[in-house]
Each structure stands twice: as structure tokens, then as C-alpha cells.
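A look at the structure
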Amino acid sequence: MASSLEVGFAKFMVGAKDRLQLYKKIAGLLSNGVSLQAALDVLWDQAAKGGKAKGAPLAIAIDQWRSAYRNGKPFGQALDGWAPLGERMLVEAGETGSRLDEALLNVIKLAESSQAIKGAIVGGLAYPGVLLLMLGGMLYLFGVQVIPSFGQLLPPEQWTGMAAGMRIMAIIANGYLVPIAIGLVVFVIVFSITAPRWTGRVRVFFDKIPPWSIYRLVQGGGFLMAIAALVTIGVSVPEVLRKLRRNSTPYLRERIDSALRYVNSGANLGDALHRGKYGFPDPVIVEDLRIYASLSSFDESLKAVANEWIETGVDQIKGQAKVLNTLAILLIGITIMTLLGGLFDLQGQITSAASGM
């Protein structure tokens, strides 16, 4: 048996990519009639290289899972500490419905969708973020270090034209750059705190405005994919909502509670989300669900809606990122033009002032 230190190190080393690859292999073995215990034994033997590498992180992970399963724990519970709650919940639902192989494939699909959205967010914000940092550095360098030195040659109050614009930039850099930077940091902290916790009708309005709209998009995508995955393996909508409610954030719990209240009163999922008036996960998607919820192929339609929402969400994030990129590039362009034009203009004014003395 591995020591607690070895297990802790294995949990740190075995990431989502490794876990999803194992799920795919397990699902393939299960679909070919291999039992879960036998599948885990085969995968452990492969990871441990026939027992020669028992201390490898992946081998330790699989050994922990198969030992817990052999001792009577459901596989979903055996993953406790190794996989996030959403994954374990889907796995447990698949075990209950005797469709573990399909549940594992749904876990992979859900994880890939979440990674696609997060990748779009990181990729979309990285470039404008770098540009804004460059802009801040440029303003600091010229506004604090370079431009004030010209005031010794010609009083700033006498600067005209683009030189006057350069002077304004120096004033902003000296007096407002630090407060602006602090304000941005405070804004990020406020968003990080409020995004999962802020509830109520005022939040519904802010859900239409970035970055809260992006948070709604991410949460809505995960919500739809989880519902689609659970409904596909035979879990009823009320039970799905109750499962998703467990350990959910206050933001998501408020929306699930609203939907669950109407579903328990006999409404379908689309009508329940519509009556809640939260616009979650999205007003257009809610209207689609109202149509599909009454059809016999609701599970397949729900999966299609969820996949479409993920693609639409990624496109929306990329679109908003393009706007940020354009604004950042415009700001840098205006700054460079003002600095270059101001320096040439100021040089001429200093020469004129010197020749007139």
C-alpha cells in the first residue's frame, strides 16, 4: 500500500488529462463486456508496468480506486479526492442506471466542453491583457520619467498642439496610473467574490454585462451539459436538479431552486427556467428548451442544445475578446501617435522659444 505522502503526491500529479484518458479506456473495456474490477486491474498492471513501477502516480491512483471499489464502494465514491464533484456525480448516476460506460463518456464530453470555454476565456483575455500592461508601462516610462524632464526647457503651461496632449498623458501617468491599476485589481477581486455568491434580481441585470455575462455563460454551459449527460442515462429531471444543487454555488443554487420549484409543480424544464425569469442559462436557449421538453426525444434534443450552447458561448467569448483587442490596440496606437507627435512638436516649440530669447 502506498503511504499517505505518496498518495498526496499522486493526487497532485494525476491531472484532468490523465483522468479523462483513464475514463476513456475504462469505458472502452466496459463496452466490450469487461467488468469494472477487471478493467481497473488491467489498467493498473499497465500503469505499474507489471508491478515494476508501483510507485508511479498513475499506478497509485488506479490502485486506490480499485481497492476502494473492491471493498464495496461505488466507483463514483472511489474517485473522492481524485475527481471534482461534477464528475463523481455523473459516474454515480451511471452506476445507478447500469450505464457506467456511457456516463464516463459523458464526463469526458463535459470536461472537454468546460476546457473549451476556459481556453477561450484565457486565450481571449491574454492578448489584450498584455497590450494593456504594455500601455501602462509606456505611460509610466514617458509620463513619469521622460516627459517631465522637458518641463525644465519649456514650462508645460506653454506647450501647445500635440505637446499639450502629451502633457495631459503625463498628468494622467503621474496622478492616476496607480489609482487606475489599484482600481482594476480591486475590480477583479470584487468580481471573483461576487460571481459565485451574488444573487437577487439586480444580479440578473448584471448577468448581461461582462464579466458577469461570461460567468453566466460558463455556468450555463456546465449546467446544460450536466443535465444532458444525466438525462441521457435515465435520470429524471427533478432528480437531476437535486443532484446538481448539492454543493453548488449560491448563484447556481438560486437558479436551480427556482427551476426545481416549478418542475415539482408539473412544469417541464424549459417552462420552469422561463418562469424563473433569471435568463439562465440564456433566454434563447430557454425558449428552445420549452419547445423540445414536450417531445419524446428530449434527451437527444437537450444534448444538441447543450452542444450548440457551448459552441455559441465560445464564439461569444471570442467576439468579446476581439472587441477588447481592438480597444487595446487603438489605445496603444493613440498613445504612440501622441507621444511621437508631441515630442516633435515640443522640440519645435523649444527651438522657437530659444531663438526668440
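Now for a description of the structure that goes with this document.

Counted under the stated rule, the structure contains eleven aromatic pairs. Note on Phe 191 and Trp 212: the rings are 5.7 Å apart at their centroids and 75 degrees apart in plane angle, and the pair reads as edge-to-face. You can see Phe 191 sitting in helix α9 (residues 177–197) and its partner Trp 212 sitting in helix α11 (residues 212–232), a full 21 residues away along the chain. Among the residues examined, Trp 212 registers a relative accessible area of 8% and is labelled buried. Centre to centre, the rings of Tyr 215 and Tyr 251 are 5.4 Å apart; their planes meet at 70 degrees, and the pair counts as edge-to-face. Taken as a pair, Tyr 215 in helix α11 and Tyr 251 in helix α13 (residues 250–264) lie far apart in primary sequence, 36 residues in all. Residue class for Tyr 215 comes out buried when judged on its relative accessible area of 14%.

This part takes up empty space enclosed by the protein. Summed over the entire model, instances satisfying the criterion amount to one cavity of 30 Å³ or more. Taken as a whole, the largest cavity encloses approximately 40 Å³ of empty space. Residue assignment for the lining of the largest cavity shows that the elements contributing at least two residues are α13 and α14 (269–276). Partitioned by chemical class, the residues of the lining of the largest cavity number five nonpolar, two polar and one charged.

Another point: the pattern of salt bridges. Under the counting rule described, the total for this entry stands at 15 salt bridges. Arg 66 is paired through a salt bridge with Asp 63; the nearest N and O atoms lie 2.9 Å apart. Here Arg 66 pairs with Asp 63, and both are found in helix α4 (residues 57–70), just three residues apart, close to one helical turn. Of the two residues, Arg 66 and Asp 63, neither departs from the other in class, the shared state being buried. The salt bridge involving Arg 290 is made with Asp 271; its shortest N-O contact spans 2.8 Å. Residue Arg 290 is located in helix α15 (residues 283–292), and its partner Asp 271 is located in helix α14; the two are separated by 19 residues in the primary sequence. Here Arg 290 falls in the partly exposed class, since its relative accessible area comes to 30%.

This part is about α14. Most of α14 is tucked away: six of the eight residues are buried. Buried positions along α14 lie against α10 (201–206), α11, α12 (237–245), α13, α15 and α16 (298–355). Between the side-chain oxygen of the N-cap and the backbone nitrogen of Gly 270 there are 3.1 Å, and the N-cap of α14 in question is Asn 268. Within two residues after α14, Lys 277 carries a phi angle of roughly 60 degrees, on the positive side.

Counted as a void, the largest pocket has a volume near 1600 Å³. As for the largest pocket, its lining consists of 38 residues, and the residues nearest its centre are Leu 125, Gly 129, Leu 132, Leu 184 and Val 188. Looking at which element gives the most residues to the lining of the largest pocket, the answer is helix α7 (residues 100–150), with eleven residues. Its residues assigned to classes, the lining of the largest pocket comprises 31 nonpolar, seven polar and no charged. Space inside the second largest pocket adds up to approximately 780 Å³. Together, 30 residues line the second largest pocket, and Gly 86, Glu 87, Leu 110, Ser 114 and Gly 222 are the ones closest to its centre. Elements supplying a minimum of two residues to the lining of the second largest pocket: α2 (16–31), α6 (85–96), α7, α11 and α12. Ranked by residues supplied to the lining of the second largest pocket, first place goes to α7 with eight residues. Taken together, the residues of the lining of the second largest pocket sort by class into 15 nonpolar, ten polar and five charged.

Inspection of the secondary structure puts Leu 241 in helix α12. Looking at Leu 241, the relative accessible area reads 0%, which means it is buried. Distance in space between the C-alpha atoms of Leu 241 and Phe 344 is 66 Å, their sequence separation being 103 residues. Apart from residues no more than four positions distant in its own chain, Leu 241 is found in contact with Phe 223, Ile 227, Ile 256, Ala 259, Leu 260 and Val 263.

On to the packing of helix α3 (residues 36–47) against α4. Their axes nearest at 9 Å, the elements α3 and α4 cross at an angle of 160 degrees. In terms of orientation, α3 lies roughly antiparallel with respect to α4. Where α3 crosses over α4, the two elements pack in a sense that is left-handed. Of the residues in α4, those touching α3 at Leu 36, Gln 37, Leu 40, Asp 41, Leu 43, Trp 44 and Ala 47 are Leu 58, Ala 59, Ile 62, Asp 63, Trp 65, Arg 66, Tyr 69 and Arg 70. Looking at the contact of α3 with α4 residue by residue, the classes come out as ten nonpolar, one polar and four charged.

On the surface, Leu 125, Val 323, Leu 324, Leu 327, Leu 330 and Ile 334 cluster together to form a nonpolar patch covering roughly 540 Å² of accessible area. Considering each element in turn, the nonpolar patch owes the most residues, five residues, to α16. Classification of Leu 327 as partly exposed rests on a relative accessible area of 47%.

About the cut-offs
- Numbering of residues starts from 1 in every chain and runs along the sequence as written.
- Thresholds applied to this predicted model are a pLDDT of at least 70 for local features of residues and 80 or more for the giving and counting of side-chain atom pairs; totals over whole chains, interfaces and linings are not thresholded and use all residues.
- Water and hydrogen atoms were dropped before computing side-chain values, which therefore reflect all heavy atoms in the structure.
- Pairing of aromatic rings covers Phe, Tyr and Trp, the last through its six-membered ring, and needs centres within 6.5 Å; plane angles under 30 degrees mean stacked, over 60 mean edge-to-face, and all others mean tilted.
- Strands here are runs of E lasting at least two residues and helices are runs of H or I lasting at least four, both read from the DSSP assignment and numbered beginning at the N terminus.
- Here the term buried applies to any residue with accessible area under 20% of the maximum for its type, exposed to any over 50%, and partly exposed to those in between, with areas from a 1.4 Å probe on protein chains only.
- Lining residues are defined by having an atom within 4 Å of a point belonging to a cavity or pocket. Those points lie on a 1 Å grid over the protein atoms alone, cavities being sets where a 1.4 Å probe fits but cannot get out and pockets being open sets with protein on both sides within 12 Å along at least five of seven lines.
- Grid points are joined across faces, edges and corners, and a volume is the space filled by probe spheres set on the points.
- Charged residues are taken to be Asp, Glu, Lys and Arg, nonpolar residues to be Ala, Val, Leu, Ile, Met, Phe, Trp, Tyr, Cys and Pro, and polar residues to be all remaining types, Gly included.
- Put simply, a salt bridge is a Lys or Arg side-chain nitrogen that is within 4 Å of an Asp or Glu carboxyl oxygen.
- Contacts are assigned to residue pairs that have any heavy atoms within 4.5 Å of one another.
- Pairing of N or O atoms within 3.5 Å defines a polar contact, subject to two protein rules: one partner must be a possible hydrogen donor and the other a possible acceptor, and residues neighboring in sequence count only if both atoms are side-chain atoms.
- Simply put, an axis is a line fit to the C-alpha atoms, just over the touching stretch for a helix, and the angle between two N-to-C directions goes from 0 to 180 degrees.
- For classification, angles of less than 35 degrees are called roughly parallel, those exceeding 145 degrees roughly antiparallel, those between 65 and 115 degrees roughly perpendicular, and all remaining angles oblique.
- Note on convention: near helix rotated counterclockwise from far helix by under a right angle means a left-handed crossing. Clockwise means right-handed.
- Each patch is built from salt-bridge-free residues with over 30% relative accessible area, joining like charges within 9 Å and nonpolar side chains (Val, Leu, Ile, Met, Phe, Trp, Tyr) within 5 Å.
- What sets the accessible areas is the Shrake-Rupley method with a 1.4 Å probe; for residues, cover comes only from the shown protein chains.

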